[in-house]
Amino acid sequence: MQVVVARNGDKSGNPFTPKGYLIRYWSKHVSNDLPKPWFLLNKASPLSAAQYATYSKLVTDQNALTTQLQSFCSSANLMCAPDLSPSLEKHTGDIHFASYGDKNFTNYGTKESGVGFNSFKNYSDEGNFPVNSFRRYSRDSPHDNQFDNYAPDGNVPDQSFNSYSKNTPGGSGQFNNYDPNSNVANMGFNSYADNGAGSVQKFTNYAPSGSNIPNMHFTSYSDHGTGGEEEFKSYSDDANGGVQSFKNYGKDGNGPNGKFIEYGNKANDPQNNFNNYGVEGNGISETFTNYRDQSTLGDDKFTVYVKDANGGEANFTNYGQSTDEFDNGTDEFTTYGEGGNDPHINFKTYGVNNNFKGYVKDTATFSNYRKKTPQVSASLTGGKKVNNRWVEPGKFFREKMLKSGTIMPMPDIKDKMPKRSFLPRVIAAKLPFSTSKIDELKKIFHAANDSQVAKIIGDALSECERAPSAGETKRCAKSAEDMIDFATSVLGRNVVVRTTENTKGSNGNIMIGAVKGINGGKVTKSVSCHQTLFPYLLYYCHSVPKVRVYEADILDPNSKANINHGVAICHVDTSLWGPKHGAFIALGSGPGKIEVCHWIFENDMTWATAD
């Protein structure tokens with residue numbers, strides 16, 4: 001007898017796949033017969049029935065699973081960093097790579113004699129989770145080195161140089177375009193140009209224009225150097241969030257010349273940290289021409305700056321000088337210029353919310369010291385709108401905009417995270433998921449302590465374990481079944497889950513077509529679920545009380561053609577929101593005074609009771 005099972009299975013018709021199980025789970029736990037939400041059900045694990053059975057057994061022995069991680073990640077559509085074995089490639093003479101990615105160079109260009117030139121033209125271009133490592137790069141070599149395009153447009157790149165141009169007599173290093181437009185990058189130089197003699201190092205564009213949440217560090221930069229020149233023409237400008245640190249910059253240097261021409265300008269919520277900058281240097285020359293100009297929020301710390309220096313000069317030409325529309329964040333200088341032998345220290349223009357502890361007042365000059373001015377934000381100006389480049393046009397809007405014929409900007413609603421699938425609940429439930437067991441989880445996913453994967457895992461676990469906000473009910477859904485359970489526990493079994501149909505209209509003007517208010521446009525409760533970066537698909541879900549949910553046709557404003565079907569949620573009660581929330585900066589007013597609406601972005605979703 002032939003049994004037809006395709007209705008409750010995957011494309012193969014097998015009901016024993018994770019997708020087949022999820023379809024049956026939906027039918028059992030959701031009480032209505034409305035069309036199934038395939039945008040959610042298609043996120044089920046792509047494992048075949050045989051693979052599902054195999055990995056379900058392996059997961060009970062975590063050591064067995066971790067030995068087959070790469071095949072597991074590939075079969076289950078997870079985000080796992082490649083295991084890079086040491087490269088045995090040998091390169092002599094002048095080397096030029098036209099295209100390069102996912103490599104581990106244990107020893108590149110060491111002790112090359114004479115003058116030469118090595119170049120990388122396209123390094124990890126547009127990679128999805130590109131991982132590269134240079135353990136020893138150009139050590140004891142006077143060669144010139146150039147990276148023309150390093151990891152541009154990368155999604156969650158993890159790039160590191162353990163030792164770059166160490167013990168180098170002369171030569172030069174240049175990064176022309178380092179990690180532009182990346183998403184959640186982790187980049188590090190552990191030992192950069194240490195013990196050099198007269199070398200020239202330049203970063204023309206380091207993590208510029210639009211990098212999202214970059215994490216960058218220089219652990220040891222140009223220590224014990226003699227002469228030479230280091231220049232950062234553009235460092236982390238236009239970045240959104242992220243952490244940047246310099247530890248041991250120019251320590252014990254003899255006559256070094258360091259310049260930061262553009263550092264952290266026009267950035268949103270940057271976290272910059274300089275520890276041991278120019279300490280015990282002899283005849284140093286350090287200049288920050290434009291530091292953190294027109295940046296909003298964030299914190300900067302110079303912990304030990306030009307301490308015990310012998311002569312030399314340290315200048316800040318423009319430090320944190322911004323127009324009144326920016327909330328400048330906080331800055332702290334601890335131990336500035338102490339113990340030095342007649343160093344010249346000068347701040348020409350300094351203007352942020354700052355704190356100086358332990359700086360040498362006799363040799364420090366402040367030409368124009370500007371205390372923090374009041375932030376001109378919408379919540380403080382009686383509803384006046386303020387142009388803030390970090391609040392995209394159309395990201396927040398008022399409910400009255402959801403009317404047929406309205407023309408309005410639409411933000412970029414595209415999902416920028418790596419594509420992943422849910423794990424089957426049976427497998428996800430057996431994997432550790434708590435900060436107390438993070439070491440076990442890092443072992444399973446081959447995540448070194450300082451790797452990008454380890455940081456991603458730690459951040460996600462911390463957010464999932466965070467106490468809920470006032471009035472919030474939350475849960476991190478490790479599987480689609482978890483999400484269904486949470487939504488139905490809050491809203492009941494008669495539910496519908498919705499998302500915006502596609503991404504058309506992003507970054508442009510749109511026209512609103514027909515509009516429908518869910519549940520008659522009445523104030524209701526919903527559950528919103530947002531993606532969280534993790535090796536497998538993970539959602540942060542929380543109940544959202546006192547909202548109105550809308551569906552709207554989205555039209556091309558010129559042709560009037562229907563290009564999208566959007567889902568928008570309007571928060572009626574904003575009384576618990578912070579006064580510096582981007583919605584109030586964009587729209588005016590303040591907490592509890594207005595409703596705030598936004599679109600549901602690609603791969604996010606909102607649940608409500610069925611009409």
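As the structure is a prediction and not an experimental result, all values here were calculated from the model.

A. Focus on the side chain of Asn603. Secondary-structure assignment places Asn603 in the loop between β29 (596–599) and β30 (605–609). There is a polar contact of 2.8 Å between the side chain of Asn603 and the side chain of Asp415. Discounting chain neighbours no more than four positions away, the residues touching Asn603 are Lys43, Asp415, Lys419, Thr499, Gln531 and Tyr539.

B. Inspection of helix α1 (residues 18–29) at higher detail. Between its first and last C-alpha, α1 extends 16 Å over twelve residues, near the 16 Å set by a 1.5 Å rise per residue. Residues of α1 that are buried in the fold lie against α2 (38–41), α3 (49–58), α6 (425–430), α9 (480–491), β24 (495–498) and β30.

C. Representation of the packing of aromatic side chains. The tally for this structure, following the rule as stated, stands at eight aromatic pairs. Between Tyr21 and Tyr25, the aromatic rings sit 6.0 Å apart at their centres with planes inclined by 40 degrees, giving tilted as the arrangement. With Tyr21 and Tyr25 both in helix α1 and four residues apart, this pair spans about one turn of that helix. Among the residues examined, Tyr21 registers a relative accessible area of 34% and is labelled partly exposed. The exposure class of Tyr25 is buried, given its relative accessible area of 9%. Where Phe433 meets Phe534, the ring centres are 5.6 Å apart and the plane angle is 70 degrees; that geometry is what we call edge-to-face. With Phe433 in the loop between α6 and α7 (438–444) and Phe534 in the loop between β26 (524–532) and β27 (538–555), the pair connects residues that are 101 residues apart, well separated along the chain. Note on Phe433: relative accessible area 21%, which makes it partly exposed. By relative accessible area, which is 0% here, Phe534 ends up buried. Here the aromatic cluster, defined as three or more aromatic residues joined through ring pairs, consists of Phe433, Phe534 and Tyr536.

D. Representation of the side chain of Asp482 in the model. Inspection of the secondary structure puts Asp482 in helix α9. Judged by its relative accessible area of 8%, Asp482 falls in the buried class. Dropping the residues within four chain positions of it, Asp482 is found in contact with Arg425, Arg475 and Ala477.

E. Representation of the nonpolar core. In this structure, Leu65, Phe72, Leu78, Leu423, Ile427, Phe445 and Ile457 are the most contacted members of the largest nonpolar core, which totals 35 residues. Elements that contribute at least two residues to this core include exactly α3, α4 (62–67), α5 (69–76), α6, α7, α8 (452–465) and β27. For this core, the element with the most residues is α8, which contributes six residues. Apart from residues no more than four positions distant in its own chain, Phe72 is found in contact with Tyr55, Leu65, Leu78, Leu423 and Ile427.

F. Examining the state of the cysteines more closely. Across all of its chains, the model carries four disulfides by this definition. Each sulfur in the disulfide pair Cys464 and Cys476 lies 2.0 Å from the other. Judged by the sign of its S-S torsion, about -95 degrees, the cystine formed by Cys464 and Cys476 is left-handed. Of this pair, Cys464 sits in helix α8 while Cys476 sits in strand β23 (residues 474–477), and the two are twelve residues apart along the sequence. On the accessibility criterion, Cys464 (16% relative accessible area) is buried. Once the bonded cysteines of the protein are numbered in order along the sequence, the disulfide links fall as 1-2, 3-4, 5-6, 7-8.

Rules of the game
Within each chain, residue numbers correspond to sequence positions counted from 1 in written order. The predicted nature of this model means local features are confined to residues of pLDDT at least 70 and side-chain atom pairs, given and counted, to a pLDDT of 80 or more, with totals for whole chains, interfaces and linings taken over all residues. Neither water nor hydrogens contribute to the side-chain values; these are computed over all heavy atoms in the structure. Every helix listed is a DSSP run of H or I at least four residues long, and every strand listed is a run of E at least two residues long, numbered separately from the N terminus. Counting of polar contacts relies on pairs of N or O atoms within 3.5 Å, with two restrictions inside protein: one atom must be capable of donating a hydrogen and the other of accepting it, and residues adjacent in sequence are counted only when both atoms are side-chain atoms. Residue contacts follow a heavy-atom distance rule, with two residues in contact if any of their heavy atoms lie within 4.5 Å. The span expected for a helix works out to 1.5 Å for each residue beyond the first. Ring geometry is summarised as follows: Phe, Tyr and Trp rings, the Trp one being its six-membered ring, pair when their centres sit within 6.5 Å, and such pairs are stacked at plane angles under 30 degrees, edge-to-face over 60 and tilted between the two. Burial status follows relative accessibility: with a 1.4 Å probe on protein chains alone, a residue under 20% of its type maximum counts as buried, one over 50% as exposed, and anything between as partly exposed. What we call a nonpolar core is a set of buried Ala, Val, Leu, Ile, Met, Phe, Trp, Tyr and Cys residues that are connected through their side-chain atoms within 4.5 Å. A pair of cysteine sulfur atoms is labelled a disulfide when the two atoms are within 2.5 Å.

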